[in-house]
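# Inside the fold
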Amino acid sequence: MTKRTLAVALMTSCFLGTAPQVFAETPSPSTVQVTEVLGSSLAELPDFGSNFSSFDLPNGLQVVVIPDHRAPVVTHMIWYKVGAADEVSGESGIAHFLEHLMFKGTKAHPDGAFSKTVASIGGEENAFTSQDYTSYYQRVAKQHLGLMMELEADRMANLELREDQVTPELQVILEERASRIDNNPSALLGEALSAALYRNHPYGIPIIGWEHEMETLNRQKAIDFYNLYYTPNNAVLVVAGDVTEDEVRDLAQKTYGKVERRAEPGERLRPLEPPQRTARTVTLRHERVTQPSVRRSYMVPSDVTAKKGESVALDLLGYILGSGTNSRLYKALVVDQKVATSAGAYYQGGGLNDTSLVLYGSPTGDLTPEELMDLMKAEIDRLITDGVSEEEIARAKRSLLSESFYAQDNQASLARIVGSSLTSGSSLDQIKSWPKRLAGVTADQVVEVAKAYLQEHRSVTGYLLPPQATKKAANLTTSPAEQKPAAEQSKDGDDAAPAGLPGPKAREMAKPKQPPRSAQKVPNPQSRPQGTPKPKPDVKQPEDQTEKPDLKPAVEG
(Lines give C-alpha, C1' and ligand atoms only; values in the text may rest on other atoms or scores of the structure.)
Protein backbone atom coordinates (compact mmCIF):
# COMPACT_ATOMS: atom_id res chain seq x y z
CA MET A 1 0.00 0.00 0.00
CA THR A 2 1.16 3.50 -0.63
CA LYS A 3 0.47 6.79 1.04
CA ARG A 4 -0.87 9.61 -1.03
CA THR A 5 -1.55 13.06 0.33
CA LEU A 6 -4.68 14.75 -0.88
CA ALA A 7 -4.58 18.44 -1.60
CA VAL A 8 -7.62 19.56 0.31
CA ALA A 9 -8.00 23.06 -0.97
CA LEU A 10 -11.76 22.93 -1.28
CA MET A 11 -14.07 20.09 -0.64
CA THR A 12 -13.78 18.62 -4.04
CA SER A 13 -10.10 19.09 -4.29
CA CYS A 14 -10.63 15.90 -2.36
CA PHE A 15 -13.80 14.77 -3.96
CA LEU A 16 -14.02 15.91 -7.56
CA GLY A 17 -10.87 14.18 -8.62
CA THR A 18 -9.35 13.56 -12.00
CA ALA A 19 -8.90 9.83 -11.90
CA PRO A 20 -9.93 8.07 -15.12
CA GLN A 21 -13.42 6.63 -15.29
CA VAL A 22 -13.81 2.90 -15.64
CA PHE A 23 -17.11 3.29 -17.48
CA ALA A 24 -18.16 6.14 -19.73
CA GLU A 25 -20.90 8.21 -18.16
CA THR A 26 -23.19 10.47 -20.13
CA PRO A 27 -24.18 13.88 -18.75
CA SER A 28 -27.19 13.83 -16.49
CA PRO A 29 -30.11 16.21 -17.07
CA SER A 30 -29.16 18.23 -13.98
CA THR A 31 -25.66 18.76 -15.35
CA VAL A 32 -26.93 19.86 -18.75
CA GLN A 33 -29.05 22.52 -17.03
CA VAL A 34 -26.10 24.01 -15.18
CA THR A 35 -24.60 25.97 -18.05
CA GLU A 36 -27.98 27.39 -19.03
CA VAL A 37 -28.99 28.37 -15.51
CA LEU A 38 -25.65 29.63 -14.21
CA GLY A 39 -24.86 31.48 -17.41
CA SER A 40 -27.46 34.15 -16.72
CA SER A 41 -28.88 33.97 -13.21
CA LEU A 42 -28.33 32.33 -9.85
CA ALA A 43 -31.87 32.97 -8.74
CA GLU A 44 -32.85 29.39 -9.54
CA LEU A 45 -30.47 26.47 -9.27
CA PRO A 46 -30.77 22.82 -10.29
CA ASP A 47 -31.29 20.39 -7.44
CA PHE A 48 -28.21 18.92 -5.86
CA GLY A 49 -28.58 15.54 -4.23
CA SER A 50 -32.33 15.43 -4.57
CA ASN A 51 -32.18 11.66 -5.13
CA PHE A 52 -30.12 10.93 -2.00
CA SER A 53 -31.89 8.81 0.59
CA SER A 54 -30.86 7.57 4.02
CA PHE A 55 -31.95 5.04 6.63
CA ASP A 56 -30.52 3.44 9.78
CA LEU A 57 -30.18 -0.23 10.64
CA PRO A 58 -31.15 -1.38 14.16
CA ASN A 59 -27.46 -1.75 15.08
CA GLY A 60 -26.87 1.97 14.43
CA LEU A 61 -25.29 1.83 10.97
CA GLN A 62 -26.35 4.79 8.83
CA VAL A 63 -26.88 3.92 5.16
CA VAL A 64 -27.00 6.45 2.32
CA VAL A 65 -28.13 5.50 -1.19
CA ILE A 66 -27.28 7.56 -4.30
CA PRO A 67 -29.04 6.05 -7.34
CA ASP A 68 -27.33 6.45 -10.72
CA HIS A 69 -28.72 4.13 -13.40
CA ARG A 70 -26.56 5.20 -16.35
CA ALA A 71 -24.22 2.21 -16.09
CA PRO A 72 -24.43 -1.18 -14.29
CA VAL A 73 -21.82 -0.14 -11.76
CA VAL A 74 -21.82 0.52 -8.00
CA THR A 75 -19.47 2.32 -5.64
CA HIS A 76 -19.52 0.81 -2.15
CA MET A 77 -17.86 2.79 0.66
CA ILE A 78 -17.85 2.14 4.38
CA TRP A 79 -16.80 5.14 6.49
CA TYR A 80 -15.76 5.06 10.15
CA LYS A 81 -16.07 8.16 12.32
CA VAL A 82 -12.50 7.95 13.49
CA GLY A 83 -9.29 9.41 12.16
CA ALA A 84 -5.85 10.48 13.22
CA ALA A 85 -7.23 13.29 15.41
CA ASP A 86 -9.01 10.70 17.56
CA GLU A 87 -5.88 8.75 18.50
CA VAL A 88 -4.66 8.39 22.07
CA SER A 89 -1.76 10.71 22.84
CA GLY A 90 1.52 8.93 22.13
CA GLU A 91 0.04 6.52 19.57
CA SER A 92 0.13 8.69 16.47
CA GLY A 93 -0.33 6.73 13.27
CA ILE A 94 -2.49 3.98 14.77
CA ALA A 95 -5.55 4.89 12.64
CA HIS A 96 -3.52 4.62 9.43
CA PHE A 97 -1.73 1.48 10.68
CA LEU A 98 -5.06 -0.23 11.35
CA GLU A 99 -6.23 0.75 7.87
CA HIS A 100 -3.32 -1.29 6.48
CA LEU A 101 -4.02 -4.21 8.81
CA MET A 102 -7.69 -4.39 7.82
CA PHE A 103 -6.55 -6.04 4.58
CA LYS A 104 -4.91 -8.97 6.38
CA GLY A 105 -8.05 -11.02 6.74
CA THR A 106 -10.61 -12.75 8.88
CA LYS A 107 -11.19 -16.40 9.76
CA ALA A 108 -13.67 -16.72 6.89
CA HIS A 109 -11.49 -14.78 4.42
CA PRO A 110 -7.85 -15.08 5.55
CA ASP A 111 -4.58 -13.78 4.14
CA GLY A 112 -5.78 -11.04 1.82
CA ALA A 113 -8.71 -12.98 0.37
CA PHE A 114 -10.82 -9.81 0.26
CA SER A 115 -8.43 -8.04 -2.15
CA LYS A 116 -7.97 -11.18 -4.23
CA THR A 117 -11.74 -11.46 -4.61
CA VAL A 118 -12.10 -7.84 -5.72
CA ALA A 119 -9.31 -8.30 -8.26
CA SER A 120 -10.84 -11.53 -9.57
CA ILE A 121 -14.11 -9.80 -10.48
CA GLY A 122 -12.37 -6.84 -12.12
CA GLY A 123 -13.16 -4.34 -9.37
CA GLU A 124 -11.28 -1.43 -7.82
CA GLU A 125 -10.52 -1.04 -4.14
CA ASN A 126 -8.58 1.10 -1.75
CA ALA A 127 -8.75 2.74 1.66
CA PHE A 128 -7.72 6.09 3.07
CA THR A 129 -7.29 7.77 6.43
CA SER A 130 -7.75 11.44 7.28
CA GLN A 131 -7.80 13.42 10.50
CA ASP A 132 -11.54 12.85 10.90
CA TYR A 133 -12.42 9.56 9.20
CA THR A 134 -11.20 6.26 7.76
CA SER A 135 -12.85 4.77 4.67
CA TYR A 136 -12.75 1.57 2.62
CA TYR A 137 -13.84 1.57 -0.99
CA GLN A 138 -14.78 -0.82 -3.79
CA ARG A 139 -16.17 -0.15 -7.26
CA VAL A 140 -17.64 -3.18 -8.97
CA ALA A 141 -20.30 -4.35 -11.39
CA LYS A 142 -23.70 -4.10 -9.70
CA GLN A 143 -24.22 -7.86 -9.40
CA HIS A 144 -21.28 -8.02 -6.97
CA LEU A 145 -22.63 -5.45 -4.47
CA GLY A 146 -23.96 -8.12 -2.13
CA LEU A 147 -20.57 -9.84 -2.10
CA MET A 148 -18.80 -6.55 -1.23
CA MET A 149 -21.22 -5.97 1.63
CA GLU A 150 -20.66 -9.50 2.92
CA LEU A 151 -16.87 -9.13 2.85
CA GLU A 152 -16.85 -5.65 4.41
CA ALA A 153 -19.32 -6.62 7.14
CA ASP A 154 -17.13 -9.63 7.93
CA ARG A 155 -14.03 -7.54 8.52
CA MET A 156 -16.04 -4.99 10.50
CA ALA A 157 -16.74 -7.75 13.02
CA ASN A 158 -14.10 -10.44 12.67
CA LEU A 159 -10.67 -9.01 11.93
CA GLU A 160 -7.90 -11.45 12.85
CA LEU A 161 -4.28 -10.33 13.21
CA ARG A 162 -1.23 -12.51 13.66
CA GLU A 163 2.13 -11.22 14.81
CA ASP A 164 3.70 -12.44 11.57
CA GLN A 165 1.32 -10.07 9.73
CA VAL A 166 1.60 -7.07 12.04
CA THR A 167 5.38 -6.82 12.34
CA PRO A 168 6.10 -6.63 8.58
CA GLU A 169 3.28 -4.12 8.09
CA LEU A 170 4.80 -1.84 10.72
CA GLN A 171 7.95 -1.78 8.61
CA VAL A 172 5.83 -0.92 5.57
CA ILE A 173 4.32 2.20 7.16
CA LEU A 174 7.74 3.28 8.47
CA GLU A 175 9.12 3.04 4.94
CA GLU A 176 6.06 4.89 3.72
CA ARG A 177 6.88 7.73 6.09
CA ALA A 178 10.52 7.72 5.01
CA SER A 179 9.72 7.92 1.32
CA ARG A 180 6.76 10.30 1.43
CA ILE A 181 7.72 12.61 4.28
CA ASP A 182 11.33 12.34 5.44
CA ASN A 183 12.69 12.42 1.90
CA ASN A 184 10.36 15.23 0.79
CA PRO A 185 11.31 18.73 1.97
CA SER A 186 7.89 20.16 1.05
CA ALA A 187 6.20 17.51 3.18
CA LEU A 188 8.63 18.16 6.04
CA LEU A 189 7.79 21.84 5.95
CA GLY A 190 4.12 20.91 5.84
CA GLU A 191 4.43 18.90 9.05
CA ALA A 192 6.21 21.78 10.75
CA LEU A 193 3.53 24.21 9.62
CA SER A 194 0.71 22.07 11.02
CA ALA A 195 2.54 21.52 14.27
CA ALA A 196 3.00 25.29 14.63
CA LEU A 197 -0.56 26.19 13.65
CA TYR A 198 -2.17 23.57 15.91
CA ARG A 199 -0.30 23.88 19.21
CA ASN A 200 -2.94 22.08 21.26
CA HIS A 201 -5.32 20.41 18.82
CA PRO A 202 -4.44 16.97 17.35
CA TYR A 203 -4.68 18.32 13.78
CA GLY A 204 -1.08 19.33 14.40
CA ILE A 205 -0.01 15.67 14.49
CA PRO A 206 0.65 14.04 11.09
CA ILE A 207 -1.86 11.46 9.93
CA ILE A 208 0.87 8.94 9.20
CA GLY A 209 2.31 9.58 12.67
CA TRP A 210 5.56 10.71 14.25
CA GLU A 211 8.25 8.15 13.54
CA HIS A 212 9.27 7.55 17.16
CA GLU A 213 5.64 6.87 18.09
CA MET A 214 4.98 4.73 15.03
CA GLU A 215 7.83 2.46 16.11
CA THR A 216 5.91 1.60 19.30
CA LEU A 217 2.71 0.50 17.54
CA ASN A 218 1.83 -3.18 17.89
CA ARG A 219 -0.86 -5.77 17.46
CA GLN A 220 -2.62 -5.09 20.77
CA LYS A 221 -2.85 -1.34 20.17
CA ALA A 222 -4.36 -2.01 16.75
CA ILE A 223 -6.90 -4.49 18.13
CA ASP A 224 -7.90 -2.10 20.93
CA PHE A 225 -8.42 0.73 18.42
CA TYR A 226 -10.43 -1.60 16.17
CA ASN A 227 -12.66 -2.84 18.98
CA LEU A 228 -13.49 0.69 20.14
CA TYR A 229 -14.18 2.38 16.82
CA TYR A 230 -14.99 -0.24 14.17
CA THR A 231 -18.53 -0.83 15.28
CA PRO A 232 -21.65 -0.29 13.11
CA ASN A 233 -22.99 2.51 15.30
CA ASN A 234 -19.80 4.47 14.49
CA ALA A 235 -19.99 3.94 10.73
CA VAL A 236 -21.70 5.21 7.60
CA LEU A 237 -22.32 3.06 4.52
CA VAL A 238 -22.60 4.92 1.21
CA VAL A 239 -23.72 3.08 -1.91
CA ALA A 240 -23.82 4.97 -5.21
CA GLY A 241 -24.71 3.54 -8.59
CA ASP A 242 -27.23 1.36 -10.36
CA VAL A 243 -29.29 0.51 -7.28
CA THR A 244 -32.51 1.45 -5.53
CA GLU A 245 -33.01 2.14 -1.85
CA ASP A 246 -35.02 -1.07 -1.45
CA GLU A 247 -32.26 -3.16 -3.01
CA VAL A 248 -29.62 -1.63 -0.75
CA ARG A 249 -31.79 -1.95 2.34
CA ASP A 250 -32.37 -5.65 1.69
CA LEU A 251 -28.67 -6.40 1.13
CA ALA A 252 -27.57 -4.25 4.07
CA GLN A 253 -29.90 -6.03 6.47
CA LYS A 254 -28.63 -9.45 5.33
CA THR A 255 -24.96 -8.48 5.79
CA TYR A 256 -24.23 -5.45 7.97
CA GLY A 257 -27.43 -6.01 9.89
CA LYS A 258 -25.90 -9.13 11.46
CA VAL A 259 -22.96 -7.18 12.94
CA GLU A 260 -23.49 -6.43 16.63
CA ARG A 261 -22.70 -3.00 18.03
CA ARG A 262 -19.89 -3.87 20.38
CA ALA A 263 -18.71 -0.46 21.64
CA GLU A 264 -19.91 3.09 22.31
CA PRO A 265 -17.16 5.46 21.14
CA GLY A 266 -19.06 8.45 22.50
CA GLU A 267 -18.86 12.10 21.53
CA ARG A 268 -15.70 13.19 19.73
CA LEU A 269 -14.30 15.67 22.23
CA ARG A 270 -10.92 17.11 21.30
CA PRO A 271 -8.67 19.73 22.90
CA LEU A 272 -9.39 23.18 21.50
CA GLU A 273 -6.84 25.72 20.33
CA PRO A 274 -6.09 28.63 22.65
CA PRO A 275 -6.58 32.13 21.18
CA GLN A 276 -4.16 32.83 18.32
CA ARG A 277 -2.29 35.93 19.50
CA THR A 278 1.15 35.66 17.93
CA ALA A 279 2.36 35.15 14.40
CA ARG A 280 4.83 32.30 14.01
CA THR A 281 7.47 31.39 11.45
CA VAL A 282 8.99 28.09 10.36
CA THR A 283 12.08 27.93 8.13
CA LEU A 284 13.45 24.77 6.53
CA ARG A 285 16.64 24.66 4.49
CA HIS A 286 17.15 21.39 2.65
CA GLU A 287 19.68 20.04 0.20
CA ARG A 288 16.93 18.99 -2.22
CA VAL A 289 15.42 22.45 -2.52
CA THR A 290 16.40 24.38 -5.65
CA GLN A 291 13.48 26.81 -5.84
CA PRO A 292 12.59 28.72 -2.64
CA SER A 293 8.94 29.04 -1.73
CA VAL A 294 6.66 30.37 0.97
CA ARG A 295 3.43 29.19 2.54
CA ARG A 296 1.16 30.90 5.02
CA SER A 297 -1.76 29.33 6.88
CA TYR A 298 -4.44 31.29 8.70
CA MET A 299 -6.56 29.63 11.37
CA VAL A 300 -10.17 29.85 10.17
CA PRO A 301 -13.44 28.07 11.00
CA SER A 302 -14.49 24.97 9.10
CA ASP A 303 -17.93 24.30 7.66
CA VAL A 304 -18.87 22.77 11.00
CA THR A 305 -17.46 25.44 13.34
CA ALA A 306 -18.21 28.56 11.26
CA LYS A 307 -20.98 31.01 12.06
CA LYS A 308 -23.88 31.17 9.64
CA GLY A 309 -22.69 32.18 6.19
CA GLU A 310 -18.98 32.30 7.04
CA SER A 311 -17.81 29.04 5.48
CA VAL A 312 -19.36 29.73 2.08
CA ALA A 313 -17.91 33.25 2.18
CA LEU A 314 -14.51 31.72 2.90
CA ASP A 315 -15.02 29.37 -0.06
CA LEU A 316 -15.43 32.39 -2.32
CA LEU A 317 -12.59 34.29 -0.66
CA GLY A 318 -10.17 31.43 -1.28
CA TYR A 319 -11.32 31.14 -4.87
CA ILE A 320 -11.09 34.87 -5.64
CA LEU A 321 -7.70 35.19 -3.99
CA GLY A 322 -5.96 32.17 -5.36
CA SER A 323 -7.75 29.82 -7.74
CA GLY A 324 -6.31 29.70 -11.24
CA THR A 325 -5.04 32.28 -13.69
CA ASN A 326 -7.90 34.70 -13.04
CA SER A 327 -7.27 34.84 -9.31
CA ARG A 328 -5.96 38.02 -7.72
CA LEU A 329 -2.69 36.55 -6.51
CA TYR A 330 -1.82 34.89 -9.80
CA LYS A 331 -2.74 37.86 -11.96
CA ALA A 332 -0.93 40.38 -9.77
CA LEU A 333 2.24 38.45 -8.96
CA VAL A 334 2.75 36.03 -11.85
CA VAL A 335 1.19 37.84 -14.81
CA ASP A 336 1.41 41.57 -14.08
CA GLN A 337 4.44 42.03 -11.80
CA LYS A 338 6.24 38.85 -12.91
CA VAL A 339 7.73 38.39 -9.44
CA ALA A 340 6.52 34.82 -8.91
CA THR A 341 6.49 31.56 -10.81
CA SER A 342 3.41 30.48 -8.86
CA ALA A 343 0.99 32.06 -6.43
CA GLY A 344 -2.34 30.93 -5.08
CA ALA A 345 -4.62 30.32 -2.13
CA TYR A 346 -7.25 27.84 -1.00
CA TYR A 347 -9.66 27.28 1.85
CA GLN A 348 -9.90 23.87 3.48
CA GLY A 349 -13.53 23.87 4.51
CA GLY A 350 -13.83 20.28 5.68
CA GLY A 351 -13.20 19.13 9.19
CA LEU A 352 -14.85 18.58 12.53
CA ASN A 353 -12.84 21.44 14.02
CA ASP A 354 -11.23 24.72 12.92
CA THR A 355 -9.22 24.54 9.73
CA SER A 356 -7.10 26.86 7.59
CA LEU A 357 -6.92 29.15 4.59
CA VAL A 358 -3.55 28.81 2.87
CA LEU A 359 -1.47 31.15 0.68
CA TYR A 360 1.50 29.85 -1.29
CA GLY A 361 3.99 31.03 -3.88
CA SER A 362 7.51 30.84 -5.33
CA PRO A 363 9.47 34.02 -6.16
CA THR A 364 11.44 34.73 -9.32
CA GLY A 365 14.93 36.19 -9.72
CA ASP A 366 16.42 37.89 -6.68
CA LEU A 367 13.11 38.37 -4.89
CA THR A 368 13.11 36.60 -1.54
CA PRO A 369 10.20 34.51 -0.24
CA GLU A 370 9.73 37.10 2.51
CA GLU A 371 9.38 39.87 -0.05
CA LEU A 372 6.92 37.76 -2.01
CA MET A 373 4.86 37.24 1.13
CA ASP A 374 4.77 41.02 1.66
CA LEU A 375 3.34 41.39 -1.85
CA MET A 376 0.75 38.68 -1.16
CA LYS A 377 -0.30 40.47 2.02
CA ALA A 378 -0.62 43.69 0.01
CA GLU A 379 -3.14 41.93 -2.24
CA ILE A 380 -5.16 40.87 0.80
CA ASP A 381 -5.09 44.43 2.13
CA ARG A 382 -6.25 45.66 -1.26
CA LEU A 383 -9.17 43.23 -1.25
CA ILE A 384 -10.20 44.38 2.23
CA THR A 385 -9.83 48.08 1.41
CA ASP A 386 -11.28 48.14 -2.11
CA GLY A 387 -13.74 45.29 -1.76
CA VAL A 388 -14.74 42.59 -4.24
CA SER A 389 -16.41 43.50 -7.51
CA GLU A 390 -19.76 42.05 -8.50
CA GLU A 391 -18.11 40.60 -11.60
CA GLU A 392 -15.49 38.79 -9.49
CA ILE A 393 -17.97 37.27 -7.09
CA ALA A 394 -20.35 36.27 -9.90
CA ARG A 395 -17.54 34.54 -11.79
CA ALA A 396 -16.40 32.73 -8.64
CA LYS A 397 -19.92 31.56 -7.86
CA ARG A 398 -20.48 30.28 -11.39
CA SER A 399 -17.22 28.35 -11.34
CA LEU A 400 -17.74 26.76 -7.94
CA LEU A 401 -21.39 25.96 -8.55
CA SER A 402 -20.78 24.50 -11.99
CA GLU A 403 -18.12 22.20 -10.60
CA SER A 404 -20.41 21.05 -7.81
CA PHE A 405 -23.16 20.13 -10.27
CA TYR A 406 -20.71 18.45 -12.64
CA ALA A 407 -19.74 16.23 -9.70
CA GLN A 408 -23.04 14.45 -10.15
CA ASP A 409 -21.60 12.82 -13.26
CA ASN A 410 -19.23 10.78 -11.07
CA GLN A 411 -20.80 8.38 -8.59
CA ALA A 412 -17.52 7.86 -6.74
CA SER A 413 -17.15 11.63 -6.27
CA LEU A 414 -20.64 11.86 -4.83
CA ALA A 415 -19.99 8.93 -2.50
CA ARG A 416 -16.87 10.63 -1.20
CA ILE A 417 -18.61 13.98 -0.75
CA VAL A 418 -21.37 12.33 1.28
CA GLY A 419 -19.17 10.00 3.32
CA SER A 420 -16.57 12.60 4.25
CA SER A 421 -19.30 15.08 5.18
CA LEU A 422 -21.28 12.76 7.40
CA THR A 423 -18.17 11.58 9.25
CA SER A 424 -16.94 15.16 9.78
CA GLY A 425 -19.95 16.61 11.55
CA SER A 426 -22.15 17.64 8.62
CA SER A 427 -25.49 16.33 7.36
CA LEU A 428 -27.26 15.44 4.13
CA ASP A 429 -29.32 18.62 4.37
CA GLN A 430 -26.16 20.73 4.59
CA ILE A 431 -24.72 18.98 1.55
CA LYS A 432 -27.88 19.56 -0.45
CA SER A 433 -28.17 23.21 0.59
CA TRP A 434 -24.55 24.18 -0.13
CA PRO A 435 -25.20 25.50 -3.68
CA LYS A 436 -28.00 27.82 -2.55
CA ARG A 437 -26.03 29.00 0.46
CA LEU A 438 -23.06 29.80 -1.74
CA ALA A 439 -25.22 31.57 -4.32
CA GLY A 440 -26.56 33.87 -1.58
CA VAL A 441 -23.17 35.18 -0.40
CA THR A 442 -22.63 38.92 -0.89
CA ALA A 443 -19.42 40.78 -1.73
CA ASP A 444 -19.54 42.43 1.71
CA GLN A 445 -19.58 39.02 3.41
CA VAL A 446 -16.43 37.98 1.54
CA VAL A 447 -14.67 41.15 2.70
CA GLU A 448 -15.89 40.64 6.27
CA VAL A 449 -14.41 37.15 6.60
CA ALA A 450 -11.13 38.42 5.13
CA LYS A 451 -11.04 41.17 7.77
CA ALA A 452 -11.94 38.79 10.56
CA TYR A 453 -9.61 35.89 9.79
CA LEU A 454 -6.74 36.98 7.54
CA GLN A 455 -4.95 38.73 10.39
CA GLU A 456 -1.23 38.45 11.03
CA HIS A 457 -1.57 37.11 14.56
CA ARG A 458 -3.76 34.22 13.31
CA SER A 459 -1.11 33.03 10.86
CA VAL A 460 1.84 30.72 10.55
CA THR A 461 4.36 31.25 7.73
CA GLY A 462 6.75 28.65 6.36
CA TYR A 463 9.83 29.26 4.22
CA LEU A 464 11.40 26.48 2.18
CA LEU A 465 14.96 27.42 1.17
CA PRO A 466 18.01 25.87 -0.49
CA PRO A 467 20.89 24.94 1.83
CA GLN A 468 23.21 27.59 0.38
CA ALA A 469 21.01 30.61 1.03
CA THR A 470 21.77 34.04 -0.34
CA LYS A 471 22.46 36.84 2.08
CA LYS A 472 18.98 38.26 1.56
CA ALA A 473 17.35 34.89 2.14
CA ALA A 474 19.49 34.24 5.20
CA ASN A 475 18.06 37.38 6.78
CA LEU A 476 14.58 35.88 6.66
CA THR A 477 14.86 34.42 10.12
CA THR A 478 16.04 37.69 11.69
CA SER A 479 13.91 40.19 9.80
CA PRO A 480 12.79 42.95 12.18
CA ALA A 481 9.58 43.40 10.19
CA GLU A 482 7.76 40.61 11.97
CA GLN A 483 7.97 37.03 13.06
CA LYS A 484 5.75 34.80 11.03
CA PRO A 485 4.05 31.48 11.80
CA ALA A 486 3.84 28.12 10.20
CA ALA A 487 1.37 25.30 9.60
CA GLU A 488 1.15 21.77 8.23
CA GLN A 489 2.48 18.32 8.88
CA SER A 490 6.21 18.13 9.61
CA LYS A 491 9.14 16.64 11.39
CA ASP A 492 11.66 18.90 13.11
CA GLY A 493 11.66 21.54 10.40
CA ASP A 494 10.92 24.44 12.72
CA ASP A 495 14.43 25.74 13.33
CA ALA A 496 16.40 27.37 10.58
CA ALA A 497 19.83 25.96 9.88
CA PRO A 498 22.68 28.48 9.74
CA ALA A 499 23.11 29.98 6.30
CA GLY A 500 25.43 28.00 4.09
CA LEU A 501 24.94 24.68 5.90
CA PRO A 502 23.10 21.82 4.22
CA GLY A 503 19.61 20.97 5.39
CA PRO A 504 18.79 17.81 7.34
CA LYS A 505 19.44 14.63 5.42
CA ALA A 506 16.64 12.15 5.17
CA ARG A 507 17.33 8.81 6.73
CA GLU A 508 18.06 6.03 4.32
CA MET A 509 15.27 3.57 3.82
CA ALA A 510 15.79 -0.06 4.65
CA LYS A 511 14.22 -2.62 2.39
CA PRO A 512 10.75 -3.47 3.70
CA LYS A 513 10.37 -6.94 5.07
CA GLN A 514 7.19 -7.19 3.07
CA PRO A 515 6.45 -5.12 -0.02
CA PRO A 516 3.49 -2.74 0.15
CA ARG A 517 0.18 -4.16 -1.01
CA SER A 518 -0.52 -2.99 -4.53
CA ALA A 519 -3.99 -1.62 -5.19
CA GLN A 520 -5.65 0.72 -7.58
CA LYS A 521 -6.07 4.21 -6.24
CA VAL A 522 -9.42 5.63 -5.30
CA PRO A 523 -10.49 8.30 -7.79
CA ASN A 524 -8.55 11.30 -6.56
CA PRO A 525 -11.10 12.94 -4.39
CA GLN A 526 -9.35 17.49 -0.64
CA SER A 527 -5.92 16.17 0.18
CA ARG A 528 -5.82 17.85 0.96
CA PRO A 529 -6.87 17.27 3.84
CA GLN A 530 -6.01 17.02 3.80
CA GLY A 531 -10.82 15.57 2.87
CA THR A 532 -15.13 18.17 3.77
CA PRO A 533 -18.90 18.51 4.11
CA LYS A 534 -20.06 20.04 0.85
CA PRO A 535 -19.96 19.55 -2.91
CA LYS A 536 -17.34 22.08 -3.88
CA PRO A 537 -14.98 22.09 -6.83
CA ASP A 538 -11.28 21.82 -6.89
CA VAL A 539 -9.24 24.96 -7.23
CA LYS A 540 -7.86 24.48 -10.72
CA GLN A 541 -4.30 25.58 -11.27
CA PRO A 542 -2.62 26.55 -14.52
CA GLU A 543 -0.34 23.92 -15.95
CA ASP A 544 2.79 25.95 -15.32
CA GLN A 545 2.10 26.33 -11.61
CA THR A 546 3.86 24.27 -9.01
CA GLU A 547 1.88 21.75 -7.04
CA LYS A 548 -0.30 23.27 -4.37
CA PRO A 549 0.86 22.26 -0.87
CA ASP A 550 -1.45 20.24 1.34
CA LEU A 551 -2.35 21.22 4.86
CA LYS A 552 -4.56 18.39 6.07
CA PRO A 553 -3.97 15.58 3.64
CA ALA A 554 -5.48 12.16 3.78
CA VAL A 555 -3.27 9.12 3.66
CA GLU A 556 -4.40 6.73 0.95
CA GLY A 557 -3.71 3.05 0.82
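See the structure shown above.
Only a predicted model underlies this, so the values are computations on that prediction, with no experimental measurement involved. (Residues numbered from 1 in each chain as written. Predicted model: local features only at pLDDT ≥ 70, side-chain atom pairs only at ≥ 80, totals over all residues. Heavy atoms only, no water.)

## Examining the environment of Leu237
Along the chain, the position of Leu237 falls in strand β6 (residues 235-241). As for Leu237 and Met149, which are separated by 88 residues in sequence, their C-alpha atoms are 9.5 Å apart. If we skip the residues at most four places from it in the chain, Leu237 touches Leu61, Gln62, Val63, Val64, His76, Met77, Ile78, Met149 and Tyr256. (Helix = DSSP H or I, 4+ residues; strand = E, 2+ residues; numbered from the N terminus. Contact = heavy atoms within 4.5 Å.)

## Overview of the packing of helix α11 (residues 310-322) against helix α17 (residues 443-453)
For any two helices packed against each other, one specifies the inter-axial angle together with the distance between the axes. Running from N to C, α11 and α17 point in directions that differ by 90 degrees, and their axes come no closer than 8 Å. Judged by the inter-axis angle, α11 sits roughly perpendicular to α17. Contacts between α11 and α17 involve Glu310, Ala313, Leu314, Leu316 and Leu317 from the first element and Gln445, Val446, Val449, Ala450 and Tyr453 from the second. Within the contact of α11 with α17, the residues separate by chemical class into eight nonpolar, one polar and one charged. (Axes fitted to C-alpha atoms, helices over the stretch in contact; angles between N-to-C directions. Parallel < 35°, antiparallel > 145°, perpendicular 65-115°, else oblique. Nonpolar A, V, L, I, M, F, W, Y, C, P; charged D, E, K, R; others polar.)

## Details of unusual backbone geometry
Leave glycine aside and you will find that most residues have negative phi; peptide bonds, for their part, are mostly trans. Even without being glycine, Asp111 reaches a positive phi, approximately 50 degrees. Note on placement: Asp111 falls in the loop between α3 (94-101) and α4 (113-120). The backbone of Lys338 sits at a positive phi, close to 55 degrees, despite the residue not being glycine. Note on placement: Lys338 falls in the loop between α12 (328-336) and β9 (340-347).

## Overview of the sheet that holds strand β12 (residues 555-556)
Note: strands within a sheet are paired through backbone hydrogen bonds, in either parallel or antiparallel orientation. Spatially, β1-β2-β6-β3-β5-β4-β12 is the arrangement adopted by the seven strands of the open sheet, whose pairing is mixed. A single partner strand is all that each edge strand has here, and the edge strands are β1 (53-56) and β12. Bridging between β1 and strand β2 (residues 62-67) involves four bridges; their strand directions are antiparallel. Bridge pairing in β2 links Asp56 to Gln62. In this fold helix α10 (residues 245-254) packs onto β1, β2 and β6, with an angle of close to 25 degrees to the strand it touches most, β1. (Pairing = 2+ DSSP bridges.)

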